Amino acid sequence: MTLHNSAYDLAQLAAIFREGEEEARLSAVQKLNRQPEDETERRALLDLLIEVMGDDSWQVRKEAVASALSFTDTVLLAQKLVDAMSEPDNIGRRNAVIEGVMKLGPVCIEPLLAALAQKPDYRKVLVDVLGTYGDTRVIPALGQSLLDEDPNVRAAAMEQLASFSSEEVVPALRAALRSPDMLVVLAALDGLNRQQVVLPIAEVLPLKEAVALRPAMMTSLGYSKDSAAVPVLIDGLLDRARGAREAALVALYRLYQQLDDAGRKLVIDSAKALDEMAVRSSLRALLEATPSVRQATA
């Protein structure tokens, strides 16, 4: 087999892919597993292989991916494959290209990030693929995607960020608190709470307006180490939602343990000043809630 294919060879092979039977197409694509020495021919061959990745036969598509991955010019290959992810119609080609990008590995990260920065229609796919490498270089872009106007992109970014360790994703999760998508905000806040991240109260309080976010917001205040959170948590003991009330109880107990003597006195004085309704609510929690809530209440 020669080390490269001439333009004439490629023209003949292209005709086979258009008109030949499956066996002939499969045989033809198997001849394309050597990288041409000339860059122009190399680009032409990759273009042909990407075209073949849209073949009706899954075997032909699979061989096209394998042939492309045999190239040693991985920078060019990565760029070509990432560009081909924009395929709007041929699902087979799109899936084959994505398979090639994932198998090629982290060399694809830079072109993927560049493509995502342009905010194309297919950016959810870019986000999905970027998160699979486990490379911290993608975290800022995933964090930015949490603020995307497309809820599917936001959800995909949050899912991918969940695969990284705590110290790597905290900045992105904090940025996600500004997302217009309440589910993204809730997921981000839950993630920060699991890691017991200390957030400034001013960063958390705006979330109080959303009822669904109040339990997580109360939990976050419990990690704040700031006595300014005490009045908010005391008010939370009277919240209409049971989940928010119980979260406020646990958070108030946790905050008490973190404060200095002056802060603890503030908690005690505030507890003594609770009205009858708040006391009854707390007593119900003592009898009916989960063990952690009962402990905090006691």
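Quick caveat: nothing in here was measured; it's all calculated off a predicted structure. (Residues numbered from 1 in each chain as written. Predicted model: local features only at pLDDT ≥ 70, side-chain atom pairs only at ≥ 80, totals over all residues. Heavy atoms only, no water.)

### Examining the pattern of salt bridges
Per the counting criterion, the structure on display carries 19 salt bridges. The partner of aspartate 128 in a salt bridge is lysine 124, and the shortest N-O contact between them spans 2.8 Å. Of this pair, aspartate 128 and lysine 124 both sit in helix α8 (residues 123-130), four residues apart, roughly one helical turn. Salt-bridge contacts for glutamate 203 lead to arginine 174; the nearest nitrogen and oxygen are separated by 2.6 Å. Residue glutamate 203 is located in helix α13 (residues 201-204), and its partner arginine 174 is located in helix α11 (residues 166-176); the two are separated by 29 residues in the primary sequence. (Salt bridge = Lys/Arg side-chain N within 4 Å of Asp/Glu carboxyl O. Helix = DSSP H or I, 4+ residues; strand = E, 2+ residues; numbered from the N terminus.)

### Details of helix α14 (residues 214-222)
Burial within α14 is extensive, with seven of its nine residues counted as buried. Along α14, the residues that are buried comprise Arg214, Ala216, Met217, Met218, Ser220, Leu221 and Gly222. Lining the buried residues of α14 we find α12 (182-194), α13, α15 (230-236) and α16 (242-258). (Buried < 20%, exposed > 50% of the residue type's maximum accessible area, 1.4 Å probe, protein only. Contact = heavy atoms within 4.5 Å.)

### Remarks on the layout of surface pockets
In this structure, the second largest pocket occupies an estimated 170 Å³ of space. Taken together, Ala14, Phe17, Arg18, Arg25, Leu48, Glu51, Val52, Gly54, Asp55 and Asp56 form the lining of the second largest pocket. At the level of secondary structure, the elements contributing two or more residues to the lining of the second largest pocket comprise α1 (7-19) and α3 (39-52). In terms of residue class, the lining of the second largest pocket is built from four nonpolar, one polar and five charged. (1 Å grid on protein atoms, 1.4 Å probe; cavity = no way out; pocket = protein on both sides within 12 Å on 5 of 7 lines; lining within 4 Å. Points joined across faces, edges and corners; volume = space filled by probe spheres on them. Nonpolar A, V, L, I, M, F, W, Y, C, P; charged D, E, K, R; others polar.)

### Here we look at the environment of glycine 100
When you line up the elements, glycine 100 lands in helix α6 (residues 91-104). For the pair formed by glycine 100 and alanine 78, sequence separation is 22 residues and the distance between their alpha carbons is 8.7 Å. Other than its neighbours up to four places away in sequence, glycine 100 contacts Val65, Leu69 and Leu81.

### Observations concerning the packing of α12 against α14
The relative placement of two packed helices is expressed as an angle between their axes plus a distance between the axes. Between α12 and α14, the shortest axis-to-axis distance is 10 Å and the interhelical angle comes to 30°. Between α12 and α14, the interaxial angle falls into the category roughly parallel. The way α12 lies across α14 gives a crossing that is left-handed. Contact residues: α12 offers Leu186, Leu189, Asp190 and Asn193, while α14 offers Ala216, Met217, Thr219 and Ser220. Classifying every residue of the contact of α12 with α14 gives four nonpolar, three polar and one charged. (Axes fitted to C-alpha atoms, helices over the stretch in contact; angles between N-to-C directions. Parallel < 35°, antiparallel > 145°, perpendicular 65-115°, else oblique. Left-handed = near helix turned anticlockwise from the far one by under 90°.)

### Focus on the nonpolar core
Nonpolar side chains in soluble globular proteins generally cluster together in the buried interior. One finds Leu49, Met53, Val101 and Leu112 to be the most contacted residues of the largest nonpolar core, which totals 90 residues. The contact partners of leucine 112, leaving out residues within four places of it in the chain, are Val82, Met85, Val101, Leu126, Val129, Leu130 and Tyr133. (Core = buried A, V, L, I, M, F, W, Y, C linked by side-chain atoms within 4.5 Å.)

### Points about the environment of valine 204
As for its position among the elements, valine 204 is in helix α13. The sequence separation of valine 204 and serine 220 amounts to 16 residues, and the corresponding C-alpha distance is 7.5 Å. The residues contacting valine 204, other than those within four sequence positions of it, are Leu199, Met217, Ser220 and Leu221.

### A short note on the packing of aromatic side chains
Working definition: an aromatic ring pair is given by the centre-to-centre distance plus the angle between the planes. As enumerated under the stated definition, the model contains zero aromatic pairs in all. The ring of tyrosine 256 is capped by arginine 264, whose NZ or CZ atom sits 4.9 Å from the centre of that ring. (Phe/Tyr/Trp six-rings, centres within 6.5 Å; stacked < 30°, edge-to-face > 60°. Lys NZ or Arg CZ within 6 Å of the ring centre and 35° of its normal.)

### Regarding the side chain of serine 224
Inspection of the secondary structure assignment puts serine 224 in the loop between α14 and α15. At 2.7 Å, the side chain of serine 224 and the backbone oxygen of leucine 221 are in polar contact. (Polar contact = N/O pair within 3.5 Å; in protein donor to acceptor, adjacent residues only side chain to side chain.)

### Focus on the confidence of the model for the chain
On average, residues of the chain score 85 in pLDDT, and 89% of them are at 70 or above. This model gives residues 1-5 a pLDDT under 50, and the stretch forms 18 contacts once residues within four places in sequence are excluded. (pLDDT = per-residue confidence, 0-100.)

### Re helix α5 (residues 74-84)
Of the residues making up α5, those classed as buried are Leu76, Leu77, Ala78, Lys80, Leu81, Val82 and Ala84. For α5, the secondary structure elements touched by its buried residues are α3, α4 (58-69), α6 and α7 (109-117).

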